[in-house]
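Observations on chain architecture
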Amino acid sequence: MPAAVVFILFVICLIIAIPVSIALTIASVLPGAFDPSFTASGQFVIRSMLGGIDSFPLLAVPMFVLSGIIMARGGISKKLFDVFSYFLGNLTAGLPCAVIVTCLFYGAISGSGPATVAAVGSMTIQILIELGYDKDFSAAIVAVAGGLGVIIPPSIPFIMFGSASGESVSDLFIAGIIPGLLIGGLLMVYAVYYCKKNGEDKEKIQKVVGELHEKGLLKVLKESFWALLSPVIILGCIYSGIASPTEAAVISVFYALIVSLFIYKTMTFKDIWPVLVEGVRTYAPIMFILAASIAFSRVLTLMQIPQMVSTWILTHFTNKIVLLLMINVFLLIVGMVMDTTPAILILTPILLPIVTAVGMNPIHFGIMMVVNLAIGFVTPPIGVNLFVASSLTDIPIMRISKHAMPMIGYFLVALLLITFIPAISLALI
């Protein structure tokens, strides 16, 4: 079966609203079904699906998902927001900037964009609205800043890219630090511009920040200490060599449970079962997509599609700058219509040989790819962060996306810098 037919059938399945995981499975089985001599029979596809998810590094994904849910239930995001509000609250755009920094820190705990939006947004959006900030702006800034959750380590998409490319997950985590800080800094620049242009209710803000200052720095730090310590423990275990990313993910689950149950006492033992149920419901679709994506990528490899695409692109685009711009545009479009996990697992085997052929470091490409797909979190029609923010505020998705557009522009500036200045991604490796 021609490769073009396989992709057309896959796209048709998506258009008629067949779930991505089932569409991938159908596209994987079809070549063997129509051509009995083709290696990828139904048995091969099933073996690929089961063998693909039998991976120690991928065990980190459900653990980080569960850790993020526990920390959201345990109110850890509120503790983080309080300490950043204490230091930034009196500055221009101080509280929106505190939201962005909270998303940075929470992303260093959960590894997930939607989880960051849900945990931080459920608490901060209402606070921003009560302080006089525009409701649409409040939802948009959390939705966009939530995308930092997949760039700041630990990051579930980085684990997926490491699985698909064979690159070191720890190196990917380290490489994501400076790009994440860069994007966070640019978002804060926009927040300051927006607040200077539209003004702030300084009286209301001063009242809230004043309450924190009345507590005193020591009390605020004492209340937030265990929340601030969580990313230090998780990342410290990884970078010191004490634990692998998977082991650190398990440590983060137990740390979140201990802090929520015994220190902050924001959870009880009765809350554990609902949290586990939510974790399974969250991860099960991801696992099915993961298994189907791995099978599909192996079928594509047998059909020699990565080699054909690589040859065609390198023949028609000889200029490295033009080639990287085209890949960026392609990934941005993919991020708008496809979830991050299947996009990484399907496209990495196709695009990685192309960029390495023009001298790009695979780790650098992994950062570029994830930043592209992070922008997809806040662009319709599949912008997951937009859906989460909309569900928290009852604001229509298109209204949030309208206010998110200027921030996406800053995200794109960061993407260009990351693409053409390799040192941003590779300086710490």
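What you are looking at is a predicted structure, and each value in this text was computed from that prediction instead of being measured.

**What about the overall build of the protein?**
When you go through the protein residue by residue, the secondary structure sums to 22 helices and zero strands. Relative to its length of 429 residues, the protein is compact, with a C-alpha radius of gyration of 22 Å against a globular reference of 22 Å. Its C-alpha atoms give the protein principal-axis dimensions of about 75 × 50 × 40 Å. By residue count, 53% of the 429 residues in the protein fall in the buried class.

**As for the packing of helix α4 (residues 60–73) against helix α14 (residues 245–263)**
Running from N to C, α4 and α14 point in directions that differ by 20 degrees, and their axes come no closer than 8 Å. Judged on the interaxial angle alone, α14 and α4 are roughly parallel. Here α4 runs over α14; the crossing is left-handed. Contact residues: α4 offers A60, M63, F64, L66, S67, I70 and M71, while α14 offers P245, T246, A249, V250, S252, V253, A256, L257 and S260. Of the residues belonging to the contact of α4 with α14, the class tally is twelve nonpolar, four polar and no charged.

**Some details on the side chain of S138**
Residue position: S138 is located in helix α8 (residues 135–145). You can call S138 buried: its relative accessible area is 0%. With near-sequence residues (within four places) excluded, S138 lies in contact with I125, L128, I129 and Y133.

**Concerning helix α7 (residues 113–130)**
Residues separated by three or four positions in an α-helix point in the same direction, a consequence of the helix having 3.6 residues per turn. The end-to-end C-alpha distance of α7, which contains 18 residues, comes to 25 Å, matching closely the 26 Å that a straight helix rising 1.5 Å per residue would cover. Taken as a whole, α7 has its buried residues at G113, T116, V117, A119, V120, G121, M123, T124, I125, I127 and L128. Positive backbone phi, at 100 degrees, marks G132, one or two positions downstream of α7.

**What to know about unusual backbone geometry**
Most of the time, phi is negative for any residue but glycine, and the peptide bond is trans. The omega torsion across P153 and P154 is -5 degrees, close enough to zero to call that bond cis. Relative to the assigned elements, P154 resides in the loop between α8 and α9 (156–165).

**Focus: a nonpolar patch on the surface**
On the surface, a nonpolar cluster with roughly 780 Å² of combined accessible area is contributed by F225, W226, V250, F254, I258, F262, I263 and F269. At the level of elements, α13 (217–239) and α14 are the ones that each hand at least two residues to the nonpolar patch. Top element by residues in the nonpolar patch is α14. It accounts for five residues. Mapped onto the elements of the fold, F254 is located in helix α14. Overall, F254 belongs to the exposed group, its relative accessible area being 53%.

**So, the packing of aromatic side chains**
The relation between two aromatic rings is expressed through the spacing of the ring centres and the mutual angle of the planes. Within this structure, the stated rule accounts for twelve aromatic pairs. Considering the side-chain rings of F137 and Y194, the 3.9 Å spacing of their centres and the 5 degrees angle between planes classify their relative orientation as stacked. With F137 in helix α8 and Y194 in helix α11 (residues 177–198), this residue pair connects regions lying 57 residues apart in the sequence. By relative accessible area, F137 is classed as buried at 1%. Centre to centre, the rings of F262 and F269 are 6.0 Å apart; their planes meet at 65 degrees, and the pair counts as edge-to-face. A residue is classified by how much of its surface remains accessible, and F269, at 57% relative accessible area, is exposed. Through successive ring pairs, a cluster of aromatic residues spans Y133, F137, Y190, Y193, Y194 and Y410. In this arrangement the basic side chain of K79 is found over the ring face of Y264, its NZ or CZ atom lying 4.9 Å from the centre.

About the thresholds
Residue indices begin from 1 for each chain and proceed along its sequence in written order. Reporting in this predicted model follows two pLDDT cut-offs: at least 70 for local features of residues, and 80 or more for side-chain atom pairs to be given and counted; totals over whole chains, interfaces and linings ignore these cut-offs and use all residues. As a rule here, side-chain values come from all non-hydrogen atoms in the structure, and water together with hydrogens is ignored. In DSSP terms, a helix is any run of H or I states spanning at least four residues, a strand is any run of E spanning at least two, and both are numbered starting from the N terminus. For this measure, only C-alpha atoms enter the radius of gyration; the expected value for a globule follows 2.2 Å times N^0.38, where N is the number of residues. Throughout this description, buried means an accessible area under 20% of the type-specific maximum (1.4 Å probe, protein chains only), exposed means over 50%, and partly exposed covers the range between. Geometry is summarised by axes, namely lines fitted to C-alpha atoms with helices restricted to the contacting stretch, and by angles between N-to-C directions that run from 0 to 180 degrees. In this scheme, roughly parallel covers angles under 35 degrees and roughly antiparallel covers those over 145, while 65 to 115 is roughly perpendicular and the rest are oblique. Crossing handedness is defined as follows: a turn of the near helix away from the far one that is anticlockwise and smaller than a right angle gives a left-handed crossing, while the clockwise case is right-handed. Any two residues whose heavy atoms approach within 4.5 Å are treated as being in contact. Residues are grouped as follows: Ala, Val, Leu, Ile, Met, Phe, Trp, Tyr, Cys and Pro are nonpolar; Asp, Glu, Lys and Arg are charged; every other residue, Gly included, is polar. The span one expects for a helix is its residue count, reduced by one, times 1.5 Å. Patch membership requires more than 30% relative accessible area and the absence of a salt bridge. Residues of like charge join within 9 Å; the nonpolar side chains Val, Leu, Ile, Met, Phe, Trp and Tyr join within 5 Å. Note on areas: Shrake-Rupley, 1.4 Å probe, and residue coverage restricted to the protein chains presented here. A pairing counts as a salt bridge when a side-chain nitrogen of Lys or Arg comes within 4 Å of a carboxyl oxygen of Asp or Glu. Only Phe, Tyr and Trp rings are paired, with Trp represented by its six-membered ring, and only when their centres lie within 6.5 Å; those with planes under 30 degrees apart are stacked, over 60 edge-to-face, the remainder tilted. Should the NZ of a Lys or the CZ of an Arg lie within 6 Å of a ring centre and within 35 degrees of the ring normal, that charge is described as sitting over the ring.

All we've got here are geometric facts, nothing functional implied.
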